[in-house]
Amino acid sequence: MPPSMRPPTRPSTGAGLTRRSFLRGVGGVLAAGAAARCLDPFVLGAAAEESFGATLPVGTPVLVLVELTGGCDILNTVVPFGVPTTTGLYRSARPGIGLTQLTTTRPYGLPTPGDYSPPCLDLDGQWALHGALPFLANRWHDVGDVALVQGTGENVVRDMSHFAAWAFRWAGAFGGTLMSTGWLGRYNDLANTGQALGAVSLTGAHQALASQHAPSVAIADLDGFGFQAQNVPDRDRFLDDVGAFGDPASTAVHKVGVASRALALADQAATVAAGVPRLAAGGSSGSLPHQLSTAASLIQAGIPCQTYVASLGGFDTHGSEPYNLWERLTELNAGLAHFFSLLDGTPRAADVFVLIHSEFGRQVGQNAGQGTDHGQASGTIFVGGGVRGGRYGEAPSLAVADRDSDAMVATVDFRSVYATALNRLGGDPNLTDEAQGRDESGQPFADLGVFAGPPAAGLPEGAQARGADGVSIPPARPDVAGDLRPYVVAQV
Amino acid sequence: MASLEAQVAHIWRRLGFGPTRKDINAGKGMGTAALVDSLFRRPRVDFAAAGFPPASAGEDAHAGRQLELMAFGPTATGSGTLSPAYNPFQERVTWILQGLVVVGIADSVYVADLRDHVKHLRGALGATYRSLLRTVVTRPGMVKYLTADRNTKDHPNQNLGRELLELFSLGRVDPKTGAANYTQQDVIEVSRALSGWRYDWGDGSTWFDPSQWDGGNKTFLGAPRGAAGLDEVMAAIVAHPSWRRHVPARLYKELTGLDATPAVLDALAPSWGADGNLKRLLKAIVKRPEFLSDQCLLNKTKTPVERVVAAARLLGWPGLATDVNLPWLMTRMAQDPWSPPNVSGWPKGDQWLNTTNLHSWSDVANLMALRGFRWDGAATGPVNPMVTKVHTRATPATAAAFVCKQAGLTPVSPRTLDTLHDYATAGSWTPARAAGLLNLVLLSPEFLAN
């Protein structure tokens, strides 16, 4: 379990002073003070402590989940450049969009403008990263905290629908009651309840954070994060009345009650966030650099939150993949570079790790539009504090006979990736086990060993990474499909 | 059992975009059944009469015009007066279909393409869902949005084939039995059948190129289909058991907020039929007893579009097509009507009650309600008609109940009434305070529900 975190203390309203005007005064002083001291992380922590009462102790792991939506083409992201047998199959399947150039000259720089199929960036003589990812490739070599988990996916239903695939990944499950909560939400239910900003989505409401008792907050931008009111008489009174609509325990009918509870959370979250100094945005609102800078601001301020979710879309590259993938990976590279520039060298750098994944990979062969269609197996990237760099899992075979409808077949259950992350967050495999549930055979999910340190020890009995031996790839389970009905209806 | 007033307001929220006080009074006079019939019978507003700007006017102008049509109808002046040509039910159905058969502005999809798509959706009540689907999958918007113009016999592109089955017609699994409706091989075979459609970048039209069509034999959805093309795909789809369940279940959820049980799906299937009779199905849904029951009232969440349109109708706010800030504000609320996030449409339900979205809505509601006022409460331009009405016809003591009645909010919790009363009585009763009170109503839990 993470160290205990005190719940935030809401400032009381003094006589003759509204709660909101009191907060504005405190927040303004803190923000000005922090800015004057160049946003020193120690100062930020002190400011946070003074402002909202609770801080996340240094040494507590923090996850920033980055979702690449649309189905990132992992084969053109982590490229088999010198892998016996695999490289030949890769190139023959992709005569028009396969990446054929390599560089080993470090440090790697950004690709030449206009070159949408730039030279790949060598990692280990066999595998290379797309040329638009120099930040990750340099970090692989220079820092050694980049881990590539190959072959991640699922062999339960082998779904190739964006929406079902995400539903499974957000839930960390394939049916039943677990579908109503998210894999991170269930962890927070056990480890992080009672926090005003205990779970943060940087990309709107997020189902991975859906929980029973640990509500999540969506923050698009810290600037303007709060209820707005211009030109109304008695503005403070007005804003207090907006807050008064909210009732965290509302039992009002249907969505009136839901709205009342949401208004209460929105009011409380704005109160807490008001004291958080803003770090450099690094990009326009909604961009990945901007999302991650918001996460960095909250992390450096010591907000008691272990789970952040960010998103980068546009990976559904059915057509014109060279340009589209280059453009998306360029933003991913920029976002990561900016984020770690705000973290590296600070006391929390060793705590914070980023997990990057997508709903599935894409088919091996290219289509008529210089693109690729939906596939199955993908890959997952860990980077940051505590990560032991290297390749994990097993790259799926590209042999035609080993593909399923031209898609690579998963060798590592994505839920083992989750178990690895949760073990790091909570430091307790039993907590992970409780949050995740078991696989279709009743077995817990294994830790992949990505992190240094003790969390990997003491795994629940029977835990194993699916397919880690390269042989025991479980068969598809179409019989489970019947359990999807509640999800499908719930999405309408 | 909800009051007649609550039921009338519910009908207007679900079949339109919210009532005005005049609508409620009229509905109470005619009764719920007659009100439903009158909404179904309103004359269809043809695309030509809808008043969309030229395609060259751009996305924002088109989206703004659509919001105006939802709120006031084609001859709207922003006065809040119900236009004789106003057809809220047609606008509601069009909007539902925009979230079901999805095309959005993206990459090579231009305003003219989406304009054409919306034109077909607007006519759906006079056609069948089968014919609508058959048409739009070959139109420029869909062809480009789902890269169907890059689907050739040598290298099939599965984008359109997959979404046609998953999102537009059958669904992944049958809503009644839970059985998988199709396999990946079905997607491949259907995609082969849909190959050959091309887009002419010169004149912006689509055409069928037989030389790029895969004329080989195909097997999909459980049977050999010979040298199948689009028509054979549509025939196989409408013969599939889920044809009578998937889209009806979605439309049932849209109108009632409830998940359709197997019994409900069986009951609705004859109304839908082999061709997908939209109007008949929707009427069958609305005529079911649960539609006006307590089970359904306020069991949905307003989307940003629904908030803005309902607020415009309440306030008589005229800026839907003209306010330069609205497109930016809609984007900030993550629901630009002509730019859905992906082919499955916009988020649904409680996701719209996330913190950032509520904060953003407070900004939009403030812009709308405080129209014409400056920082010191002085009016510097035209104010919304409802502001004047509230200021002149209510007192501080009666204002809270008065504004709720104007907004059709019933029932209202004591907490909400007390909060509104607190603000109404906190200072001098001025037009600006009346505007602030209306602003506050737009942020109440009762308004956010639908």
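Predicted, not measured: the structure shown is a model, and the values here were computed from it.

Reading the values: the criteria
- Residues numbered from 1 in each chain as written.
- Chains lettered and ligands numbered in written order.
- Predicted model: local features only at pLDDT ≥ 70, side-chain atom pairs only at ≥ 80, totals over all residues.
- Heavy atoms only, no water.
- Helix = DSSP H or I, 4+ residues; strand = E, 2+ residues; numbered from the N terminus.
- Buried < 20%, exposed > 50% of the residue type's maximum accessible area, 1.4 Å probe, protein only.
- Areas by Shrake-Rupley, 256 points an atom, 1.4 Å probe, with all protein chains shown as cover.
- Pairing = 2+ DSSP bridges.
- Phe/Tyr/Trp six-rings, centres within 6.5 Å; stacked < 30°, edge-to-face > 60°.
- Lys NZ or Arg CZ within 6 Å of the ring centre and 35° of its normal.
- Core = buried A, V, L, I, M, F, W, Y, C linked by side-chain atoms within 4.5 Å.
- Contact = heavy atoms within 4.5 Å.
- Salt bridge = Lys/Arg side-chain N within 4 Å of Asp/Glu carboxyl O.
- Polar contact = N/O pair within 3.5 Å; in protein donor to acceptor, adjacent residues only side chain to side chain.
- Nonpolar A, V, L, I, M, F, W, Y, C, P; charged D, E, K, R; others polar.
- pLDDT = per-residue confidence, 0-100.
- Axes fitted to C-alpha atoms, helices over the stretch in contact; angles between N-to-C directions.
- Parallel < 35°, antiparallel > 145°, perpendicular 65-115°, else oblique.
- Left-handed = near helix turned anticlockwise from the far one by under 90°.

A. Broad picture of the overall build of chain A. Check the secondary structure of chain A and you find 13 helices and 13 strands. Counting across all 492 residues of chain A, residues that qualify as buried make up 62%. Per element, the accessible surface of chain A, about 16,400 Å² overall, is 54% carbon and sulfur.

B. Up close: the sheet that holds strand β4 (residues 120-122) of chain A. All names here are of chain A. Across the sheet, four strands lie side by side as β2-β5-β4-β3; this open sheet has mixed pairing. Two strands in the sheet have a free side with no partner beyond their single neighbour: β2 (78-80) and β3 (102-103). Judged from the two bridges that link them, β4 and strand β5 (residues 127-129) form a sheet pairing that is antiparallel. Residue L121 lies in a different strand from β5, and its bridge partner there is L129.

C. Here's a closer look at the packing of aromatic side chains. This model, assessed by the stated rule, comprises 26 aromatic pairs over all chains. For the ring pair W361(B) and F447(B), a centre distance of 6.1 Å and an interplane angle of 5 degrees mean the geometry is stacked. Of the two residues, W361(B) sits in helix α18 (residues 355-369) while F447(B) sits in helix α23 (residues 445-448), which places them 86 residues apart along the sequence. Accessibility expressed as a relative area gives 0% for W361(B), which makes it buried. Residue class for F447(B) comes out buried when judged on its relative accessible area of 4%. Ring-pair connections join several aromatic residues into one group, and the members of that group are F168(A), F174(A), W183(A), F414(A) and Y418(A). Over the ring of Y423(B) we find R433(B), and its NZ or CZ is 4.9 Å from the ring centre.

D. Summary view of the nonpolar core. With 84 residues, the main nonpolar core has L15(B), L97(B), Y129(B), F168(B) and L251(B) as its most contacted residues. No other element matches helix α12 (residues 230-239) of chain B, which puts six residues into this core. In contact with Y129(B), other than residues within four places in its own chain, are L97(B), L100(B), V101(B), F168(B), W243(B), V247(B), W272(B), D275(B), G276(B) and L278(B). Core analysis: the second largest hydrophobic core is formed by 77 residues, V66(A), F81(A), V146(A) and V383(A) among them.

E. Here's a closer look at the pattern of salt bridges. Evaluation of the coordinates by the stated rule reveals 41 salt bridges over all chains. With a shortest N-O distance of 2.9 Å, D266(B) and K176(B) are connected by a salt bridge. Remark: K176(B) occurs in the loop between α10 (159-169) and α11 (184-193) and D266(B) occurs in helix α14 (residues 262-272); sequence separation between them is 90 residues. What makes K176(B) partly exposed here is its relative accessible area of 24%. Members of the salt-bridge network, linked through shared partners, are R139(A), D145(A) and D344(A).

F. Region of interest: the interface of chain A and chain B. In this assembly, 64 residues from chain A lie in contact with 71 residues from chain B. In this structure, the connection of chain A to chain B is made through five salt bridges. Linking D159(A) and R172(B) is a salt bridge whose minimum nitrogen-to-oxygen distance equals 2.1 Å. The tally of links between chain A and chain B comes to 28 residue pairs in polar contact (both at pLDDT 80 or more). Sorting the residues of the side of chain A that touches chain B by element identifies α5 (162-171), β8 (217-218), α7 (235-245), α8 (254-273) and α13 (485-490) of chain A as the ones contributing at least two each. At twelve residues, the largest contribution of residues to the side of chain A that touches chain B is made by α8(A). Among the residues forming the side of chain A that touches chain B, the class breakdown is 32 nonpolar, 23 polar and nine charged.

G. Structural view of the side chain of N299(B). Along the polypeptide, N299(B) turns up in the loop between α15 (278-287) and α16 (304-315). Judged by its relative accessible area of 9%, N299(B) falls in the buried class. A polar contact is formed between the side chain of N299(B) and the backbone oxygen of T256(B), at a distance of 2.9 Å. Contact partners of N299(B), with chain neighbours within four places excluded, come to H254(A), K255(A), R14(B), T256(B), G257(B), L258(B) and N450(B).

H. Structural view of the pairing of strand β1 (residues 197-200) of chain B. All names here are of chain B. Residues W197 and Y199 line the buried face of β1, whereas the alternating positions R198 and D200 sit on a face that is not buried. The pairing of β1 with strand β2 (residues 205-208) spans four bridges and is antiparallel. Note that in β2 the partner of D200 across the bridge is S205. Between β1 and β2, which pair antiparallel one after the other, the connecting turn spans four residues, and G204 there sits at a positive phi close to 75 degrees.

I. The confidence of the model for chain B, seen in detail. Per-residue confidence for chain B gives a mean pLDDT of 94; residues scoring 70 or more make up 98%. Our summary of model confidence lists the complex with pTM equal to 0.89 and ipTM equal to 0.95.

J. Fine view of the confidence of the model for chain A. Residue and element names in this part refer to chain A. Averaged over every residue, the pLDDT of chain A is 84; the share at 70 or more is 81%. The model gives residues 1-48 a pLDDT under 50, and that stretch makes 85 contacts with residues more than four places away or in other chains. Contacts for the low-pLDDT stretch residues 454-492, under 50 throughout, to residues beyond four places or in other chains number 87 contacts.

K. Molecular detail of the environment of A205(A). With respect to the helices and strands, A205(A) occurs in the loop between β7 (200-201) and β8. Counting along the chain gives 13 residues from A205(A) to A218(A), while the straight-line C-alpha distance between them is 5.7 Å. In this view, A205(A) contacts A218(A), Q351(B) and N354(B); residues no more than four positions away in its chain are not counted.

L. Structural context of the packing of helix α11 (residues 414-426) of chain A against helix α12 (residues 429-436) of chain A. All names here are of chain A. Between α11 and α12, the least distance of the axes is 8 Å, while the angle of their chain directions is 130 degrees. Judged by the angle between their axes, α11 and α12 are oblique. Remark: the crossing between α11 and α12 carries right-handed chirality. Residues R415, Y418, A419, L422, N423 and G426 of α11 pack against P429, L431, T432, A435 and Q436 of α12. Of the residues in the contact of α11 with α12, the class split is six nonpolar, four polar and one charged.

M. Representation of α12(B). Every buried residue of α12(B) is listed here: L230(B), V233(B), M234(B), A236(B), I237(B) and V238(B). Elements in contact with the buried residues of α12(B): α8 (129-136), α10, α11, β1, β3 (218-220) and β4 (223-226) of chain B.

N. How the structure looks around the side chain of D413(A). Residue and element names in this part refer to chain A. With respect to the secondary-structure elements, D413 resides in strand β13 (residues 412-413). Classification of D413 by relative accessible area gives buried; the value is 6%. In this structure the side chain of D413 is engaged in a polar contact, spanning 2.8 Å, whose partner is the backbone nitrogen of R415.

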